[in-house]
Amino acid sequence: MRIKLMIALTLAWGAMNSHAQFVSIDITPWTNENIRDWTAGNQYPTGNQTLNVRGVPMFITTSNNNANSLGVMVLPASGSTHAWDIPVNVTGAKTLYTLMNNAWGVCGRELGMIEVFGQNGSYASMTLIEGFNIRDHFNGNYCNSLTDPDAFAFEFGSVRLDQQKLELPESFLTDTITHVRFSGVNRNPDGAAFLASLTLQTCQGSNGDVNQDGCVDDSDMLQVLFAFGSDDPDSDVNCDGIVDDIDLLTVLFGFGHGC
Ligand SMILES: [Ca+2]
Ligand SMILES: [Ca+2]
Ligand SMILES: [Ca+2]
């Protein structure tokens, strides 16, 4: 089984001097359904393309190499918990983004989990709750609400591929993610969750060259000073979510490097 890790083109998304990079994880080997066959599914885009969702590149795939399909991993109707471990080899991750929804759905029910495992023991999880961060794929019957402020309604006519967001603990910045687990139970009408896309955002610490012109000098120091106290990711050298004295010191200690 060949696992493709696609380094999305950072240049195509967002600022050129951002430390953030996106890594799309291709789920093609585990897809088991084509949701373009579901109710109003022909309103979904076809797979094998990258969608821009809130500035995040999300790769969607096909099912059985059918160019007119949108392949997803949907929890099988086994009546018991099913879990997939998706291998990942990404160091320095900051945020995990998914595109998920489900069949049917009763608001408030737990449908499963997304878990993230680091080589050195870092761990994060996101519980999938119907009507909170995941909902029925199709408008009309069942549960159609999305109330998690971190979830984003991403709609195509009357169907949707909503985006979930999981901020990872800081320990992942120095750890390597070994795998992401998608698990849960398929129950009608509670819901059967599916995963359509998985992207990790990483943050690479730097030597203080925040404007990435190859030289650590007064222009980098000024950029960090002007952003001081903010969460400006372009000036947050160590990727801890705030621009503070640690970032400024990194620039000072790196002063003159590469000039
Ligand atoms: Ca519905
Ligand atoms: Ca510079
Ligand atoms: Ca910082």
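Residues numbered from 1 in each chain as written. Chains lettered and ligands numbered in written order. Predicted model: local features only at pLDDT ≥ 70, side-chain atom pairs only at ≥ 80, totals over all residues.

What about unusual backbone geometry?
At the junction of asparagine 188 and proline 189, the peptide bond is cis and its omega measures out at 10 degrees in the coordinates. You will see that alanine 40, though not glycine, has its phi angle at about 55 degrees, which is positive. Within the secondary structure, alanine 40 is located in the loop between strand E3 (33-34) and strand E4 (49-53). (Helix = DSSP H or I, 4+ residues; strand = E, 2+ residues; numbered from the N terminus.)

Overview of the domain arrangement of the protein chain
Segmentation of the protein chain into domains returns domain 1 (5-203) and domain 2 (206-259). For domain 1 and domain 2, the distance between their C-alpha centres works out to 33 Å. (Domains from an automatic or database assignment.)

Quick look at the environment of glycine 214
Position of glycine 214 among the secondary structure elements: in the loop between strand E15 (192-203) and helix H1 (218-227). Separated by 43 residues in sequence, glycine 214 and histidine 257 place their C-alpha atoms 8.2 Å apart. Sequence-distant contacts of glycine 214, that is, excluding residues within four places in its chain, are made with Asp209 and Gly258. (Contact = placed C-beta atoms within 7 Å.)

Focus: the sheet that holds strand E14 (residues 176-184)
What the four strands build is an open sheet, ordered E7-E14-E9-E10; its pairing is antiparallel. Among the strands making up the open sheet, the edge pair consists of strand E7 (82-91) and strand E10 (123-129). On average, adjacent strands in this sheet sit at an angle of 15 degrees to one another, irrespective of strand direction. Relative to E14, strand E9 (residues 110-118) is paired through seven bridges, and the arrangement is antiparallel. Paired with phenylalanine 117 across the two strands is histidine 179, which belongs to E14. (Pairing = 2+ DSSP bridges. Axes fitted to C-alpha atoms, helices over the stretch in contact; angles between N-to-C directions.)

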